[in-house]
Amino acid sequence: MRCARCDQDNPEGARFCNQCGAPLAAAPGPELRRLTVLFCDLVGSVQLANRLDPEEWHALLAAYQEAAGQAIRRHQGHVAQHLGDGLVAYFGYPVAHEDDALRAVRAALDLVREAGTVAVPHSGERLSVRVGVHTGAAVMGPVGSGGDVLALGDTPHIAARLQAVAPPGAVALSPAARTLVEHRVRWADLGEHALKGLPGAMRVHQAVALRTEGEEGAEPGRSPFVGRARELGQLVDAWDASQAGGAGVLLLGEPGIGKSRLARELRAQVRADGGDSFTMRCSPHTANTPFAPLAQFLRQAMAQAGAPDGSADALSGVLAAVGVRDERVVAPLRALLGLGRPGDAEAALSAQALRERTFAAATAVLATMSARRRTLSIVEDLHWADPSTLEWLGRVLGAGAPPGLMLLLLARTEFTPPWREDPRWQRLLLEPCDARDAAAIVTALDDGHLLGAEAIARIVERAEGNPLFAEEFTRAALEDRTDVIPLTLQEQTTARLDRLGPARQVLQHAAVIGRQFSRPQLCAASGLAPELVEEGLRRGVAARMLRPLGDDGDSFAFRHALLRDAAYGSLLRSSRQAGHARVAQALVAADPDIARRQPELLAHHYTEAGDGPNAVTQWLAAGRLALSRSACVEAAAHARTALRMIGDAGSDPAALALELELRLVLAPALMAVRGVLDPEVERTYARARHLCERLGNGPKLLVPLWGLWAYELMRGEIPNALEAAAQLRALAQAGSPPVATLVAAATTGMTLFYQGDLRGAREACAAGLGPAAPSPSAARSARGLHDPGVMCRAFHSLACWLLGDAEAAAAGTALLRESIPRLPPFDAAYAWCSEAVLHTLAGDAQAAAEASARAIAIGREQAFPAWQMMGTMMQGWSRAKQGEAARALPTMQRALEAWYASGARNLRPFFHALLADAWLAQGDAQQALRSADDGLAEASSGEHCWDPELHRLRAEAWAALGEHAPALEAASRAVEAAERMEARAWTERAASSRERILREQSARG
């Protein structure tokens, strides 16, 4: 049994690891992993086997396999199979690391080199190998009677095909593998190759060698340095303070939060100040190698000084260059690098004594360098430091860093320093950047301006303040890979999961529940023992993958959506489906009322569980609930999801009935979001009407007939709208639910109002205001458009005002305003717009401005474009009447253009009347005349309710132009139109205009 912590093989049945003592989990079932596969094969093996004696061939093969196995294990790879003269190795299984692809390439390069040292008997030849490396997804599961766990899928096959096209002595990389290592490995393009069994050609690259530190191309392209001015200022202050007494800063942050970038910015300032800087890096490869970062730094310094041989003299030269010449300092460092000379005293020292001298020598190097010139020493990835390095740094900080030296130590948030808190060093925690800074990173990387505002906002939301995530999500978006976790982040997240050991499965179960979850939910849905759940939660929090929520200690959340996605993505589809089914069962068991309160949550889990019938039922309930709350975007999404699930209903009555219910949710939701004239709205209502007639379901005709009425009204087909209203009245008279009576009253009254039949409109709307009429809230479950009660109240008030009953109009408007706090947003916006219309009719610019502003605000917040356009037209009129016509007119014209662009033909005459009045306020009678003429032309659709005002405005425009004859004719037509409509208010207004024009004409003689 293999240990998940240290990869040690243990006897079957063992409960604890023989190597590290960790508890051993039972062998897991098949699991989905992202891993890097290395496939290696000997060049010319058939010829070698024919030339050599079988015993010699066996010995040669064993030597090759031993060399290959050492190279692979050196980089924590797992040799999965020996296939004759070939072998397969996995990097990322059974334990993932954050750099598995790089480990695989390192191992491959070592393998090529070390295989080349194996001599072929009876010849001067050396062995040569070909290696293929590919990163991808695979199912890990037992195969065959032996139970060996192998990678299943195309990932190992692609690695094998890559090996076949690699030149002898070379390592071939797939595009996925190259993406993960291109900044650390020098490579050459091998062109496109058709790999057997794969569709299309694949671009193949050869890994040539590892890049050295600082080599061009070794670091990915950098995004702009934004949003860290405060933290950089703190580091600069520490640097300034180090001149007098040394300084130490421990900089903590999540992976990708920007620690290294901040260190680079500080290093640039240090060098600008004339100081020196150098960097030591800790690595998971050397976590148990004493003083590994110091030894790596010294070897790197020798190579950069032109002494790649790493001799003792080269070390002495490098140290002398920074002022270190004391043999008592140099000798322990030679021993550290394995460059000891015969006669060195260090060779006779005990291990502890040599360790102490190394401590002293390393500290002396820092002191000598900083005394010669102020020095910044950066230690990266301290969370991977070996114990000796940690002890050395702790001693330096505890004694106080030498004057002129600043130690900047970078580590992940979970790192806890083993040394005591001390005022001589400070701790600095990097927080996530804000949305504005994250957007700046995205914009800078998108130098071709290919991403729109919505795409940038989506990336910023997904990144959650992590600059690295913002960079990688941006690159993925630019490469059209927005639906997956970027490869560069997959290794990191998978490795963090694997470091949890057996607790990993607890987080996998939690991920099925969602980003947030509770302890009781997790226990119920996972089926794991409570103590295992508790240990998993504890380790998840300690590893900073989870964070507690609230004060009860029972609620948790993944710290980043990416961590949840990685845990969820590591499950097989069958495991995910079973998990979602358990979650749904647990949710219902814990709260039987959840189907009423949160049907969309149950719908999601039933969908992912593959439980179609239950999923569709809950999506329908979720759509109805969202529609009742005016959450129309969500309602449409829920209905569409369910419709996709049921597919073609065929002729099955039950399936057709279910489709009808979903169409009755989708159609009104689409109408609210896209507008009545959207083609999909008309198709959806038509389909709903067809289903009603096919199923013989008369009562269900209410919503599709209502929708088709609105469609005809907004198309400007007033006669057709009146016919639909008549059908709704017939439906109500046939004994349909009470809400049908209310809908019939609203649609009839509104259509008659548009036609100019004010008395008929008032009478029809009054039928929806009686005590027997259902309340607006009672109607919402069946309604599809505006609340019919709100429609009746609004148009009853408008008709009353025009008929001259201003008192009834004011009372109705007051009642409607009182109801607004209880209305959902869509109807609240409708109510505010109707009040604004009444105030424009009455000429009250201030009141109209206030009501229209309320409607516009709701329209913007809820993405209801119709209310924004209508409110903007009336708000513009109000401003024009209050002396701001020059500023208001362009806004009104844009709103009118938007209304035309939407395809809506209703209300065009009204909007032209507002515009004509605004032009008159501006003093441009010619434009006012054009607008009034345009309004009358639009009224040919049958919307004649605005005719009196349009004729009156034409009269005012002609009079302003000094043309009194056409002005009097227009004023007379206004009076006639108002009298036909019995619109007393407009009759009086038109008559007043006519009298004034007559007086002006008489005055001019």
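Presented here is an overview of the structure given in this document. (Residues numbered from 1 in each chain as written. Predicted model: local features only at pLDDT ≥ 70, side-chain atom pairs only at ≥ 80, totals over all residues. Heavy atoms only, no water.)

This next bit is on helix α42 (residues 984–1004). Since one α-helical turn is 3.6 residues long, residues separated by three or four positions face the same way. For α42, which comprises 21 residues, the first-to-last C-alpha distance of 30 Å matches the rise-based estimate of 30 Å (1.5 Å per residue) to within 8%. Those residues of α42 lying buried are Ala985, Trp986, Thr987, Ala990, Ser993 and Ile997. The secondary structure elements touched by the buried residues of α42 are α33 (788–802), α35 (825–842), α40 (947–960) and α41 (964–981). (Helix = DSSP H or I, 4+ residues; strand = E, 2+ residues; numbered from the N terminus. Expected span 1.5 Å × (residues − 1). Buried < 20%, exposed > 50% of the residue type's maximum accessible area, 1.4 Å probe, protein only. Contact = heavy atoms within 4.5 Å.)

So, on to the packing of aromatic side chains. Per the counting criterion, the structure on display carries 14 aromatic pairs. Ring geometry for Phe291 versus Phe359: centroids 5.3 Å apart, planes at 70 degrees, classification edge-to-face. Of this pair, Phe291 sits in the loop between β10 (276–281) and α8 (292–304) while Phe359 sits in helix α11 (residues 351–372), and the two are 68 residues apart along the sequence. Like Phe359, Phe291 is buried. (Phe/Tyr/Trp six-rings, centres within 6.5 Å; stacked < 30°, edge-to-face > 60°.)

With that out of the way, let us pick up the packing of helix α36 (residues 845–862) against helix α37 (residues 865–902). Put simply, α36 and α37 touch, their axes get as near as 8 Å, and they point 155 degrees apart. Judged by the inter-axis angle, α36 sits roughly antiparallel to α37. By crossing handedness, the relation of α36 to α37 is classed as left-handed. Of α37, the residues touching α36 (which contributes Ala845, Gln846, Ala848, Ala849, Ser852, Ala853, Ala855, Ile856, Gly859 and Arg860) are Trp867, Gln868, Gly871, Thr872, Met874, Gln875, Trp877, Ser878, Lys881 and Gln882. Here the residues of the contact of α36 with α37 are counted per class, giving nine nonpolar, nine polar and two charged. (Axes fitted to C-alpha atoms, helices over the stretch in contact; angles between N-to-C directions. Parallel < 35°, antiparallel > 145°, perpendicular 65-115°, else oblique. Left-handed = near helix turned anticlockwise from the far one by under 90°. Nonpolar A, V, L, I, M, F, W, Y, C, P; charged D, E, K, R; others polar.)

Quick look at the side chain of Glu943 now. Among the structural elements, Glu943 can be located in the loop between α39 (925–938) and α40. Comment: no salt bridge for buried Glu943; closest opposite-charge side chain is Arg905, at 8.0 Å. At 3.0 Å, the side chain of Glu943 forms a polar contact with the backbone nitrogen of Leu907. A polar atom in the side chain of Glu943 sits 2.8 Å from the side chain of Trp946. With sequence-adjacent residues up to four places away left out, Glu943 is seen in contact with Ile718, Tyr754, Arg905, Asn906, Leu907 and Pro909. (Lys, Arg positive; Asp, Glu negative; His and termini not counted. Salt bridge = Lys/Arg side-chain N within 4 Å of Asp/Glu carboxyl O. Polar contact = N/O pair within 3.5 Å; in protein donor to acceptor, adjacent residues only side chain to side chain.)

Spatial ordering of the open sheet is given by β10-β11-β12-β9-β13, a layout of five strands whose pairing is parallel. In this open sheet, the two edge strands, each paired with only one partner strand, are β10 and β13 (425–429). In this sheet, neighbouring strand axes are inclined to one another by 15 degrees on average, regardless of whether the strands run parallel or antiparallel. Relative to strand β12 (residues 405–412), strand β11 (residues 375–380) is paired through five bridges, and the arrangement is parallel. The residue bridging Val379 from the neighbouring strand is Leu409, located in β12. Together, β9 (247–253), β11, β12 and β13 form the strand contacts of helix α6 (residues 229–245), whose direction differs from that of β12 by roughly 145 degrees. (Pairing = 2+ DSSP bridges.)

Here the focus is the environment of Glu982. On the secondary structure map, Glu982 appears in the loop between α41 and α42. Assessed through its relative accessible area of 40%, Glu982 is described here as partly exposed. For the pair Glu982 and Asp757, spaced 225 residues apart in the sequence, the C-alpha separation amounts to 8.5 Å. Those residues in contact with Glu982 that sit more than four places away from it in its chain are Arg759, Leu802 and Leu803.

Moving on, we come to the pattern of salt bridges. One pass over the full model with this rule turns up 50 salt bridges. Residue Arg564 pairs with Asp565 through a salt bridge whose shortest N-O separation is 3.5 Å. Notably, a salt bridge pairs Arg952 with Glu949, separated by 2.8 Å at the nearest N-O pair. Of this pair, Arg952 and Glu949 both sit in helix α40, three residues apart, which is roughly one turn of that helix. Three or more residues are tied together by salt bridges with common partners; here these are Glu949, Arg952, Glu956, Arg989, Arg996 and Glu1000.

So, on to unusual backbone geometry. Glycine aside, a negative phi is what most residues show, and trans is what most peptide bonds show. Each neighbour pair has its own omega, and for Tyr93 with Pro94 the value is 5 degrees, a cis peptide bond. Position of Pro94 among the secondary structure elements: in the loop between β3 (86–91) and α3 (100–115). Unlike most non-glycine residues, His122 shows phi in positive territory, near 65 degrees. Tracing the backbone shows His122 in the loop between α3 and β4 (129–143). Look at Asp381: it is not a glycine, yet its phi comes out positive at around 55 degrees.

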